[in-house]
Structure formats: structure tokens, C-alpha cells
Amino acid sequence: MKRGIIILLAAALGLSACNKFEKGEGGMTYKIYKSEGKPKIQEGDYVKLNGVETVETTTNPDSVMVNTYDNERPAFFAITKAMFKGDLTSSLKLLGEGDSAVFKLNLDSMEKYSGQPNPKTLKSRFATFTIKIEKVLHKGTDADSVFDAKKRLFFEAEYKELNEKNKIVEPKKIAKYIEENNLKVLTTPSGLNYIIERPGNAERATLTDTVVMDYTGQFTNKKSDGKINVFDTSNAKVAKEAGVYSESVQYVPRNLPLGQLPQGVVQGIQMIGVGGKIKMILPSKLAFGENGGGPFNPFTPLVFDVELKGIVKPVAGGPLTQK
């Protein structure tokens, strides 16, 4: 499966995976999928790239640590001095703008120099990085202050372009999700698409209440492995099926203040009672808007499946009471 993800991405990028791995410094191995022949990345440069990092564990041969394609957000990488021979910085210096490659880096060295512990269930001592260099801003002989200004303008221009693209494609993402899942949705005047799968009882939550709910939040796009793109869930089965399960998370219904949830989720939950279940497709204006935040890009529509387990009413001067 590990090679499967690499080959799948290579095919998606129109690359050839027939060449063998070559040996690099510090035990790193690599193969170049595509080379445009442009100047190689140097220390001090600023790079925009897309990539996937996978590791092999005892429970998952393709445990994905990072995937910018699934997140639909490229990474911006300042090329600093290498921490050790054969690290990611050393790998990127083998590439130029437009180039693509796969690297296998030593996890023990990465843990030693980064200070971040490796997963306890590791089966292989190597992490696999599949990288596509989108753009390179070369520092050249620029003074640090001059180049810092160039980096800021470069990032702002790229971010603006991404935002404009997201704004244009957002309605298409929502329509595609609804069509691919054969959903018969209703739409509120605010733009919330929803399906009430079970209405629940007659009680309705208010903004001052805390709601107890099982839920799954996902993006409208699927991941590169075909699984649903879950960013949060209270359901262990869903987490395992989506490949986001964590032993450190307690998968139980969660108590959440209704008034602090995204506007679209508030509207949807107020349509059902306890025992009710609803699917909501939120346009970004009812989620995290044109600015985004955390893992959410600007103009990102979201999907929530919610089952309302209880409503907790505030009691003046006393403990909360659940109904």
C-alpha cells in the first residue's frame, strides 16, 4: 500500500516511477520523477510545494502524517541550514522549480534532531516524502531584509490566488458532493443544505444551551486514498474507517456550547430534537468564512453529520441539568 500511494500520486502528476532509488547523503534514498532542469534550491530560498508524508506502522502500512493535496493547501518552506545529513532540507536541495521526487528519510535521525517522538507503532524506520516543487523564490545575493519583504509579497500573492480560486470553486464543490452522494437536500434561505434523517422529540436547543452530540465533520473532497476526508469525529468506527483514529482521543458523545458552534451547525441542530439526526452541508459563509482558520482554508464548505443525544440547560446559581 505504501508504494501504492506513491505510484498513485506519481500517476496523477503524470510522472514516471520506473527509475530505481538512488543513495543520497546520511542514508537518505530517493528517485526523481520529473526534472525541469531549472536552478536547484539553495539555502536561504523560499519554496512553495505540495507533498505527502507516510510512515509504515504495525496497524497501517500507509499511515499518512501530512498530505497537502487532501488539505488543498500547499506548504511554504523556508530553506534553512540542514539539521542533519539526509534531512528534508537536504532532499529539497536536489530539486528545482517544477521538479517532483520521492524521498525516504531516516526516522530515528528525524526524532533525534527535531525532538518530536516517532509513533510508537512504527514498523519501518523510514518516512516516505512524495514532493512536487510548485514555485521557488531564490534569495540570491539579496540582503535578509530585502528578501524578507520579497517573501512576504510572494506569500501574499500566492495566498490571494488560492483564496480567489477557492471562492470560485466553492459552489461547484457543494454541488459535486450532493450529486456524488445522491442526496435530496432542502436549502434554507441562508444557504444551508440539509437532510433531516430523524426529527427527534419536540424540544429544541437555544443558544444558551449545551448540546450533547455524536458528530462527524468532513470536507467535501475525498482523500487521495478514496476515503472520506474527516477533520473531526466523536465516532471511533468512523475515525478508523477514515484513517484518522487516535488512541489518545476519547470517542464518546461530546458536550458543546451551542452558541460557540459554526452558524450553519447551530441552524441545523435547532431543526431537530433529542434523538434527532441531521446531515448538513455548510457553505463557508456559515462555517469559517472568507478568512478560514486552523485546518480550514478560506471559502471552504464543510459537511456535518450530527445525532443530538441531549440538551443541557443552564440553571442560575446551580449545576447544569440535562434533558
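Attention in this report is confined to the structure presented alongside it. (Residues numbered from 1 in each chain as written. Predicted model: local features only at pLDDT ≥ 70, side-chain atom pairs only at ≥ 80, totals over all residues. Heavy atoms only, no water.)

1. A short note on the packing of aromatic side chains
Considering all chains together, one arrives at 12 aromatic pairs under this definition. For the ring pair F219 and F231, a centre distance of 5.1 Å and an interplane angle of 55° mean the geometry is tilted. Taken together, the residues F219 in strand β10 (residues 210-219) and F231 in strand β11 (residues 230-233) connect sequence positions 12 residues apart. Both rings, one in F231 and one in F304, keep their centres 5.8 Å apart while their planes meet at 80°; by these two values the pair is edge-to-face. With a gap of 73 residues between them, F231 in strand β11 and F304 in strand β14 (residues 302-313) connect regions that are remote in the sequence. With relative accessibility at 25%, the residue F231 sits in the partly exposed group. Take F304: its relative accessible area is 9%, and that puts it in the buried class. A connected cluster of aromatic rings, assembled from ring pairs, spans Y46, F76, F154, F155 and Y159. Geometry around F21 places K104 over its ring, the cationic atom sitting 4.7 Å from the centre. (Phe/Tyr/Trp six-rings, centres within 6.5 Å; stacked < 30°, edge-to-face > 60°. Helix = DSSP H or I, 4+ residues; strand = E, 2+ residues; numbered from the N terminus. Buried < 20%, exposed > 50% of the residue type's maximum accessible area, 1.4 Å probe, protein only. Lys NZ or Arg CZ within 6 Å of the ring centre and 35° of its normal.)

2. Overview of helix α5 (residues 144-180)
Of all bends in α5, the biggest is about 45°, found at V169, and the proline P171 comes one to four residues later. All of the buried residues in α5 are F147, F154, E158, L162, N163, N166, E170, K173, I174, Y177 and I178. With its phi angle positive at about 50°, N182 sits one or two positions after the end of α5. (Bend = angle between axes of the 7 residues up to and from the residue.)

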